[in-house]
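Coordinate analysis (summary)
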Amino acid sequence: MYDVVLLTLDSERDASGGCGSGGACCGGATESDKTPGAGDAEHCATNRPRVPVLACADALNARGARVHTVTARSNAEIDEVLALFDGPARPDGLTWPDPDSKTRLVVATASDGQLRAVLRRLVRRYAPAPSRRPADLADGRTVPDLPPVAVLPLDPARGGTQRDLAAQLGLPRDPAAVATAVLDGTPRRLDLLRNDGGSVTLDGALLGAADDAGRPLHWRARVEVDDTVLTNGDEPLLACAVGNAGGYATLDDVTLLAAPDPADGQVEVAVAVPVVARSALGRKRVRLEVRRARGRAVSVLPREEKVPYLDDGVEGELTRKRSWWIEPGAWAVWSS
């Protein structure tokens with residue numbers, strides 16, 4: 001029978017700062033996980049009754065699984081859990097996941113940002129340095145197949161209008177159903193977005209902001225998808241969506257992403273550009289032009305000092321060029 005680790009990310013920070021917005025338990029959006037910071041309480045709100053966690057543990061125990069519940073308050077504590085998935089020692093000295101592991105992982109999440117925090121630690125654990133790329137690493141990938149993760153949403157409401165990643169993927173939300181998926185299900189492999197800021201994206205990112213009245217603010221950036229330039233940075237933008245899945249497919253009543261698919265090996269990108277046109281009577285009107293492209297990589301070079309964005313629901317500010325690239329099938333979820 002399997003050993004199952006039921007991992008919850010706590011909202012408390014220790015003095016060392018391993019679990020704040022600098023690096024993560026709460027999925028904070030910063031350049032790296034070196035610097036402690038104060039995360040956004042909305043995205044770190046796991047100070048709630050852990051009834052789903054207890055119910056899932058009971059369902060797993062009833063099936064004979066050996067259950068270990070862990071509440072991680074720092075990156076180091078997350079890493080201790082992830083070390084359980086290390087494979088045997090390799091001749092090249094790389095730390096590699098064990099494809100035959102009898103240990104399975106359930107991550108209890110209050111937000112997509114928390115799930116991202118765990119995946120970020122998995123990538124940091126198993127991604128080899130470019131100078132040590134092994135021959136058995138698949139072409140077009142910088143990380144091996146990461147261990148599958150079962151997702152236990154702590155907030156059932158996120159399956160409704162908010163459409164978190166579990167809802168988009170059609171994953172079970174009931175604790176007993178999650179237990180069944182982790183014991184009897186199969187891994188469903190999904191694409192992962194890595195970026196040159198040292199983080200990962202599971203769902204997508206939305207760049208842009210609005211004023212206090214809710215009106216979108218104009219900003220400029222050069223946006224490229226592979227060899228396609230969606231905008232060269234000379235014209236105003238209202239939004240830019242970088243989509244692996246569909247969390248940012250629409251903005252108000254505007255469709256940004258046409259058909260994002262987290263398993264097709266491509267990222268879909270869209271920019272919303274206000275265009276001034278004249279009617280036959282010479283009157284000016286503004287229409288919104290949405291330009292889209294698909295590819296393996298995207299770069300955004302802001303022409304403004306700071307461009308606000310959301311990445312897997314976590315707020316940040318883009319102050320320099322940011323590049324994302326797709327890792328086809330790099331991570332997986334346990335699915336019934």
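Computed from a predicted model, the values in this text were never measured in an experiment.

1. Description of the overall build of the chain
- In terms of helices and strands, the chain carries five helices and 18 strands.
- Here the chain holds 336 residues, and the buried ones make up 51% of them.
- Here the chain has roughly 15,000 Å² of accessible surface; of this, 49% comes from carbon and sulfur atoms.

2. What about the pattern of salt bridges?
- For the coordinates displayed, the defined rule picks out 21 salt bridges.
- A salt bridge links Asp145 to Arg141, with the nearest nitrogen and oxygen atoms 2.7 Å apart.
- According to the relative accessible area criterion, Asp145 is partly exposed, its value standing at 42%.
- Judged by its relative accessible area of 8%, Arg141 is buried.
- Between Arg291 and Glu289 there is a salt bridge, and its shortest N-O distance comes to 2.5 Å.

3. A look at the pairing of strand E9 (residues 228-232)
- Pairing geometry for strand E8 (residues 221-225) and E9, over four bridges, is antiparallel. Each residue of the ladder has a partner; that of Glu224, found in E9, is Val229.
- From the end of E8 to the start of E9, which pair antiparallel, there are two residues, and Asp226 there has a positive phi angle of about 50°.

4. Focus: the confidence of the model for the chain
- When pLDDT is averaged across the chain, the result is 87; 85% of the residues are at 70 or more.
- In the predicted structure, residues 12-49 sits below a pLDDT of 50 and forms 105 contacts with residues beyond four places in sequence or in another chain.

5. Brief notes about helix H5 (residues 175-184)
- When we look at burial in H5, the residues that qualify are Pro175, Val178, Ala179, Ala181, Val182 and Leu183.
- The inward-facing, buried residues of H5 contact strand E1 (3-9), helix H1 (51-62), strand E3 (103-109), strand E4 (149-153) and strand E18 (322-335).

6. Concerning the layout of surface pockets
- In this structure, the second largest pocket encloses a volume near 300 Å³.
- Along its surface, the second largest pocket is lined by 16 residues, and Asp98, Pro99, Asp100, Ser101 and Pro148 are the ones closest to its centre.
- A breakdown of the residues in the lining of the second largest pocket according to their chemical character gives eight nonpolar, two polar and six charged.

7. With respect to the packing of helix H2 (residues 75-82) against helix H3 (residues 112-126)
- Across the interface, H2 lies against H3 with an axial gap of 10 Å and an inter-helix angle of 65°. Taken together, the axis directions place H2 and H3 in an arrangement best described as roughly perpendicular. In terms of crossing hand, the pair formed by H2 and H3 is right-handed. Side by side, H2 and H3 meet where Asn75, Ile78, Asp79 and Leu82 of the first sit next to Val118, Arg121, Leu122, Arg125 and Tyr126 of the second.
- Here the residues of the contact of H2 with H3 sort into five nonpolar, one polar and three charged.

8. Some remarks on the nonpolar core
- Residues Leu105, Leu115, Leu119, Leu146, Leu192 and Trp331 are the most contacted members of the largest nonpolar core, which totals 33 residues.
- The set of elements that each furnish at least two residues to this core consists of E1, H2, E3, H3, E4, helix H4 (165-169), strand E5 (186-195) and E18.

9. Here we look at the pairing of strand E7 (residues 204-207)
- Where burial is concerned, the two faces of E7 agree: the one with Gly204 and Leu206 and the one with Ala205 and Leu207 are both buried.
- Bridging between E7 and strand E10 (residues 239-243) involves four bridges; their strand directions are antiparallel. Bridge assignment links Leu206 to a residue of E10, and that residue is Ala241.

10. Comments concerning the environment of Leu318
- Position of Leu318 relative to the elements: it lies in strand E17 (residues 314-318).
- Expressed as a C-alpha distance, the spacing of Leu318 and Glu305, which sit 13 residues apart in the sequence, is 8.3 Å.
- Discounting chain neighbours no more than four positions away, the residues touching Leu318 are Leu207, Val300, Pro302, Glu305, Lys306, Val307 and Tyr309.

11. As for the packing of aromatic side chains
- Across all of its chains, the model carries zero aromatic pairs by this definition.
- Lying across the ring of Trp96, Arg90 places its NZ or CZ 4.4 Å from the centre.
- Positioned above the aromatic ring of Tyr2 is the side chain of Arg104, whose terminal nitrogen or guanidinium carbon lies 3.9 Å from the ring centre.

12. Section: the environment of Leu288
- When you line up the elements, Leu288 lands in strand E14 (residues 284-295).
- Sequence separation between Leu288 and Leu237 is 51 residues, and the spatial gap between their C-alpha atoms is 9.7 Å.
- Dropping the residues within four chain positions of it, Leu288 is found in contact with Leu238, Val254, Ala272, Val273 and Pro274.

Definitions and limits used
- Residues numbered from 1 in each chain as written.
- Predicted model: local features only at pLDDT ≥ 70, side-chain atom pairs only at ≥ 80, totals over all residues.
- Heavy atoms only, no water.
- Helix = DSSP H or I, 4+ residues; strand = E, 2+ residues; numbered from the N terminus.
- Buried < 20%, exposed > 50% of the residue type's maximum accessible area, 1.4 Å probe, protein only.
- Areas by Shrake-Rupley, 256 points an atom, 1.4 Å probe, with all protein chains shown as cover.
- Salt bridge = Lys/Arg side-chain N within 4 Å of Asp/Glu carboxyl O.
- Pairing = 2+ DSSP bridges.
- pLDDT = per-residue confidence, 0-100.
- Contact = heavy atoms within 4.5 Å.
- 1 Å grid on protein atoms, 1.4 Å probe; cavity = no way out; pocket = protein on both sides within 12 Å on 5 of 7 lines; lining within 4 Å.
- Points joined across faces, edges and corners; volume = space filled by probe spheres on them.
- Nonpolar A, V, L, I, M, F, W, Y, C, P; charged D, E, K, R; others polar.
- Axes fitted to C-alpha atoms, helices over the stretch in contact; angles between N-to-C directions.
- Parallel < 35°, antiparallel > 145°, perpendicular 65-115°, else oblique.
- Left-handed = near helix turned anticlockwise from the far one by under 90°.
- Core = buried A, V, L, I, M, F, W, Y, C linked by side-chain atoms within 4.5 Å.
- Phe/Tyr/Trp six-rings, centres within 6.5 Å; stacked < 30°, edge-to-face > 60°.
- Lys NZ or Arg CZ within 6 Å of the ring centre and 35° of its normal.

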